[in-house]
Amino acid sequence: MTREPNFEELVGEDLPAEEEARLRRAHEMLLAAGPMPELPPSLEEPTTGERERSRQNENVYQLLPRRRAGAALALAAAIALIAFVGGYVVGFRHDGFTAQYSVPMHGVAGVDASAKIQIASRDANGNWPLKFEARGLPKLKSGFYEMFLTHGKQRFTCGTFGGAGAKTLKVRLNAPYELQRGDGWIVVKELPGHPVPGPTVLTTA
Amino acid sequence: MSRKEEKMELALDLDVRARARNPKPRTAAADECTDGELLERIAGGDSEAFDVLYRRFVRPVFALAMRRLGDRGRAEDATQETFASIWRSAGSYKPERGPGAPWLYAVARNAIVDRTRARYEPPAEVPDEPSNDPGPPEEAERSWLAWRVHRAMQELPEHERPLLELAYWSGLSQSEIADFLNIPLGTVKTRTRSALSRLADALEELQ
């Protein structure tokens, strides 16, 4: 169960009585209201207005003179093309991932690589979506890389992936843990026939 | 390893967060409108006003739907239906009858109730003992309170809202928040008090 915040710890003890009572009311209402869930990607952007407006526009039309019909068709084709390309670009750019903060990683001694973990808001199921970008992680002939959230000597896997060599590697991972309990992140190299977990190649330490 | 070294280095990018929540620049006029004024503009087909209203209310509507329906998929549908209804029926909002937030709450509640009715529910067995669950009046009161609080939260600046969310809804202490956001403890305390004060102001306006 989530720990209830202590009002005195939050606002201090040096407030005038009237202000303290006002803030306490807000504090109690916050507790009673409960959390606001994170939005799913489908609700990040408003779409209803556009849809409804176009629906309304469908019912308002005028027949064009025949001589303009060809031009109208050409215009419609151009608009459709622009809409398609625009939709593709928007869809390509907006993948539903909104980074809240990022954590840089660097290669351990002898590994010339670096990386960045972007972390999105936690969803209602307790998952923290991650975007991992790395440069300089060599492709492995066999085996794979694995990222862990660490807490002391404990490691919690966040997913596995292959290297991209000189190219930038971009991969989506996930951490279904309380991130604030972690003390860092590492990426290790897992090779067949070798002890698991393998040697660390990237770290936040 | 020292305690300092053990801490995870987190670089909070507030600009990224702010851009993510407000990706498109808007004219100041729509941003500064009251909820009621936005509804009047939406009734006239103003899509920019709709955009502003959507960002103010989408999380409170989704939270209300989740609370009532308990299912993310159906809550998403109900949220979309709510905003479709707002677009269609904003003209029926009468400013002389009161501010916009209660009208929007009623529209959202109706969309959610419709979604609830659409679900097949097998007949329940009558329990032997009275339930301790809140009855309809208590649940309605709680939903209205949550609506106002969630709407008021949307009024907080981007650098203050996460502090209250982490303190109240993630159970983090002030020092844990400082670690998590990588900002000084003193800043956390100052911003938290400021956020609570701002929230109290906004809640008084929404009474």
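These figures come from a predicted structure and were not determined experimentally.

Cut-off values and rules
- Residues numbered from 1 in each chain as written.
- Chains lettered and ligands numbered in written order.
- Predicted model: local features only at pLDDT ≥ 70, side-chain atom pairs only at ≥ 80, totals over all residues.
- Heavy atoms only, no water.
- Helix = DSSP H or I, 4+ residues; strand = E, 2+ residues; numbered from the N terminus.
- Buried < 20%, exposed > 50% of the residue type's maximum accessible area, 1.4 Å probe, protein only.
- Contact = heavy atoms within 4.5 Å.
- Phe/Tyr/Trp six-rings, centres within 6.5 Å; stacked < 30°, edge-to-face > 60°.
- Salt bridge = Lys/Arg side-chain N within 4 Å of Asp/Glu carboxyl O.
- Polar contact = N/O pair within 3.5 Å; in protein donor to acceptor, adjacent residues only side chain to side chain.
- Axes fitted to C-alpha atoms, helices over the stretch in contact; angles between N-to-C directions.
- Parallel < 35°, antiparallel > 145°, perpendicular 65-115°, else oblique.
- Nonpolar A, V, L, I, M, F, W, Y, C, P; charged D, E, K, R; others polar.

## Side note on the overall build of chain B
Looking only at helices and strands, chain B features 11 helices and one strand. Taking all 207 residues of chain B together, 46% fall into the buried category. The contacts of chain B with a sequence gap of at least 6 include a subset with a gap of at least 24, amounting to 65%.

## What about the packing of aromatic side chains?
Residue and element names in this part refer to chain B. Inspection of every chain in the model, using the stated rule, returns 13 aromatic pairs over all chains. Considering the side-chain rings of Tyr93 and Trp103, the 5.9 Å spacing of their centres and the 70° angle between planes classify their relative orientation as edge-to-face. Taken together, the positions of Tyr93 in the loop between helix H6 (72-89) and helix H7 (100-117) and Trp103 in helix H7 put the pair 10 residues apart, joining distant regions of the chain. The exposure class of Tyr93 is buried, given its relative accessible area of 7%. Owing to a relative accessible area of 17%, Trp103 belongs among the buried residues under this scheme. Cluster of aromatic residues (ring-pair linked, three or more members): Phe50, Tyr54, Phe83 and Trp87.

## Examining the pattern of salt bridges
Residues and elements named next belong to chain B. A full pass over the atoms with the stated rule returns 18 salt bridges over all chains. Arg151 is the partner of Asp35 in a salt bridge, and the nearest nitrogen-oxygen pair spans 3.0 Å. Taken together, the positions of Asp35 in helix H4 (residues 35-43) and Arg151 in helix H8 (residues 136-153) put the pair 116 residues apart, joining distant regions of the chain. Arg151 shares its class with Asp35; the two are buried. Arg41 serves as the salt-bridge partner of Asp46, at 2.8 Å between the closest nitrogen and oxygen.

## Structural notes on the interface of chain A and chain B
The interface of chain A with chain B comprises 54 residues on the first partner and 64 residues on the second. Where chain A touches chain B, the interface holds five salt bridges. Where chain A packs against chain B, one counts 16 residue pairs in polar contact (both at pLDDT 80 or more). Of all elements in the fold, only helix H1 (7-11), helix H2 (17-33), helix H3 (48-58), strand S1 (99-107) and strand S7 (184-190) of chain A reach the threshold of two or more residues within the side of chain A that touches chain B. Top element by residues in the side of chain A that touches chain B is H2(A). It accounts for 11 residues.

## Comments concerning the environment of Ala200(B)
On the secondary structure map, Ala200(B) appears in helix H11 (residues 185-205). Once the C-alpha coordinates of Ala200(B) and Ala152(B) are considered, the two residues, 48 residues apart in sequence, prove to be 8.4 Å apart. In this structure, Ala200(B) is in contact with Arg22(A), Leu23(A) and Ala26(A), ignoring residues within four places of it in sequence.

## Overview of the side chain of Thr192(B)
Here Thr192(B) is to be found in helix H11. The class for Thr192(B) is buried, based on a relative accessible area of 0%. Among residues more than four places away in sequence, those in contact with Thr192(B) are Leu10(A), Leu163(B), Leu164(B) and Gln174(B).

## A look at the packing of H2(A) against H11(B)
Here H2(A) crosses H11(B) at 80°, and the two axes come no closer than 9 Å. The pairing of H2(A) with H11(B) is recorded here as roughly perpendicular in orientation. Residue-level contacts link Glu19(A), Arg22(A), Leu23(A), Arg25(A), Ala26(A), His27(A), Met29(A) and Leu30(A) of H2(A) to Arg193(B), Leu196(B), Ser197(B), Leu199(B), Ala200(B), Asp201(B), Leu203(B) and Glu204(B) of H11(B). Of the residues belonging to the contact of H2(A) with H11(B), the class tally is eight nonpolar, two polar and six charged.

As far as function goes, none of this settles anything; it's purely spatial.
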